[in-house]
Structures are given as C-alpha cells and as structure tokens.
Amino acid sequence: MSDIFKEWVYSSRILVTPDITKVLERKLKKMNKYYQLVLDDYSKPSFTSFPKQYYGTLSQIDELFTAMKRNSRVSEKYHQILSTYDRYLNGETDITHNVAYEEIPFLTPVERIFGIKQSEEMDSRWEHLNTWSCSYMMKCDRADSTHIWVSCQGEYMRCIQTRFINLRYEDPMGDRVLGCFLLGYPEQITSIELEDSSCQLWNRLFVIEKTFETEIDLRNDYQNFTPDSSDYTEILNDIFGDG
C-alpha cells in the first residue's frame, strides 16, 4: 500500500471530533467502492492505440500503482499516470488522463450489482487466440475466480479476476508455465512461486468477461451463471500482450 494512500485512508484520525468513527467509515466505504480505470490496451498491435477498461476498488487500484512505483524502470516510464493517481488521492477527483490520444476521466465510479467466488479444478485444456489469431492451448491445475456484475454509465458488464495455479501453455518442447515473461500492462498481472515450486498468477484488476445490452440481461446472466461460463480471454490478453 502506498504511503499517500495510507495517509488518505487514515487522515481522519487526526480530527478531534466525536464523529471520527463515522468519518472513517465513510472513507473505508469509499475505499471499497468499485471504479473503472481505463488504460492502454497492450494486446492490440504495437502500431495502434486502443483503450481497455479495468475495474477494482481503490485498494486494488492502489496495489497496481504501488507495484508500478516499486519497479524503477516502470515508474520512470509511467511517471505521468502515477502522478495523476497521487493527485487524485490528494483531492483532484475530477482529474483526467490521456489514453489512446483522448482525455478521459481518471476514475469513474461503478455500481457493483452482484458478485460470486468460485474455485474450479481444471482437468482439460482450452484454446486462447491472441490478437493475431495465433492459437495457444492453455492448461492450469486450478482457477480461483471472483466474478462481479457491474454497471457504469449505462453499460452493463460481467468482470473477472482469477488466481491460476500453474497456468501454462503447450509447446513442442513441453508445457511452459507462465509467471515471469509477461507482455501486458505493467504490473496488472503478477505471480509468485510457492515452496512446492507451484506458480500462482493473477490479475490485480478485474477485466471485462461479458457485456450486456440491458440490466435485465445482466440479471439473467447472474441467475444462470455456472462455473463453465468463465471466460479468461482478457486476462490472457494481459499476459501475452500482442505476442
């Protein structure tokens, strides 16, 4: 957690007032509210510029930007958006930033309508097509996912965040476990290697899994959702980038 974020969360403690608990509750509620963050889409061809929508709480968004700050190479290259985030925490909540040559709001509040968690043992493989329609045959031991159904400015979406255990793809030389070589937006995908040599890999911010025309369609999707409805495409796009 970044120092400026900690200060933003806990600054109300210095207020000498009987309403301090209510003030903190309001700040913590805002911290757990979901927002849309639009960033450059790294899965598109490198000679083009397109936006991509990400979703998360302020706490999750802070994890992304804190990781970027800790990476000296990344923090230097992305100093502008990191500065924009700090300005947002300092009170400039109507600030904009540039994505794909367009000025857009930095963070946009969204309504989280539903949410579920699921854990799926994977005993089969599935195909992922990258931006060039090249095929990757994917496997993993387990996928622990959180799905949220949200609305944002009249748009309705199901979004996904997944922690994979030993995510890998088939290669003529054998399965290749993914973990270190990541080509998407910096620090959006992170991984750790455990003591048993297994690798956990996950996306920090939610990505869009499915879109809907109306809220009724969204609610029907939630009611009929099953584990095999999961779609990992946009997570994998953040791993492979345009490669």
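Here's what I pulled together on the structure shown here. This structure is a prediction, so every number in the text was calculated from the model and none was measured.

## Quick word on the overall build of the protein chain
Counting its secondary structure elements, the protein chain contains 7 helices and 15 strands. Counting all 243 residues of the protein chain, 47% fall into the buried class. In the protein chain, the share of contacts with a sequence separation of at least 24, taken over all contacts with a separation of at least 6, comes to 64%.

## Things to note about the pairing of strand β14 (residues 199-203)
Among the 5 residues in β14, 5 count as buried, and that is most of the element. Here β14 shows no split at all, with C199, L201 and N203 on one side and Q200 and W202 on the other all buried. With 3 bridges connecting them, strand β10 (residues 155-165) and β14 associate as antiparallel partners. Each residue of the ladder has a partner; that of I165, found in β14, is Q200. Examined bridge by bridge, strand β13 (residues 189-193) and β14 share 5 bridges and lie antiparallel to one another. Within the sheet, the bridge partner assigned to T190 lies in β14 and is W202. Taking the residues that link successive antiparallel strands as the turn, the β13-β14 hairpin has 5 residues, and the phi of S197 there is positive, at about 75°.

## Comments concerning the pattern of salt bridges
Applying the stated criterion across every chain yields a total of 15 salt bridges. Ionic pairing is found between R87 and E92, a salt bridge with its closest N-O pair at 2.9 Å. One salt bridge in this structure joins R158 and D221, with 2.7 Å as the shortest N-O distance. On the criterion of sequence distance, the pair formed by R158 in strand β10 and D221 in helix α6 (residues 215-223) is long-range, its members being 63 residues apart. The exposure class of R158 is buried, given its relative accessible area of 3%. The exposure class of D221 is buried, given its relative accessible area of 11%. Several salt bridges share partner residues, and in doing so they unite R125, K139, D141, R168, E170 and D175 into one network.

## Brief notes about helix α7 (residues 233-240)
With 6 of its 8 residues buried, α7 lies for the most part within the structure. Backbone geometry just after α7 places G241 at a positive phi near 60°.

## Focus: the sheet that holds strand β12 (residues 176-177)
Reading across from one edge, β7-β8-β11-β12 is the order of the 4 strands in this open sheet, with antiparallel pairing throughout. Each edge of the open sheet carries a strand with a single partner, namely β7 (126-129) and β12. Bridging between strand β8 (residues 135-139) and strand β11 (residues 168-169) involves 2 bridges; their strand directions are antiparallel. The residue of β11 that forms the bridge with K139 is R168.

Analysis parameters
- Residues numbered from 1 in each chain as written.
- Predicted model: local features only at pLDDT ≥ 70, side-chain atom pairs only at ≥ 80, totals over all residues.
- Heavy atoms only, no water.
- Helix = DSSP H or I, 4+ residues; strand = E, 2+ residues; numbered from the N terminus.
- Buried < 20%, exposed > 50% of the residue type's maximum accessible area, 1.4 Å probe, protein only.
- Contact = heavy atoms within 4.5 Å.
- Pairing = 2+ DSSP bridges.
- Salt bridge = Lys/Arg side-chain N within 4 Å of Asp/Glu carboxyl O.

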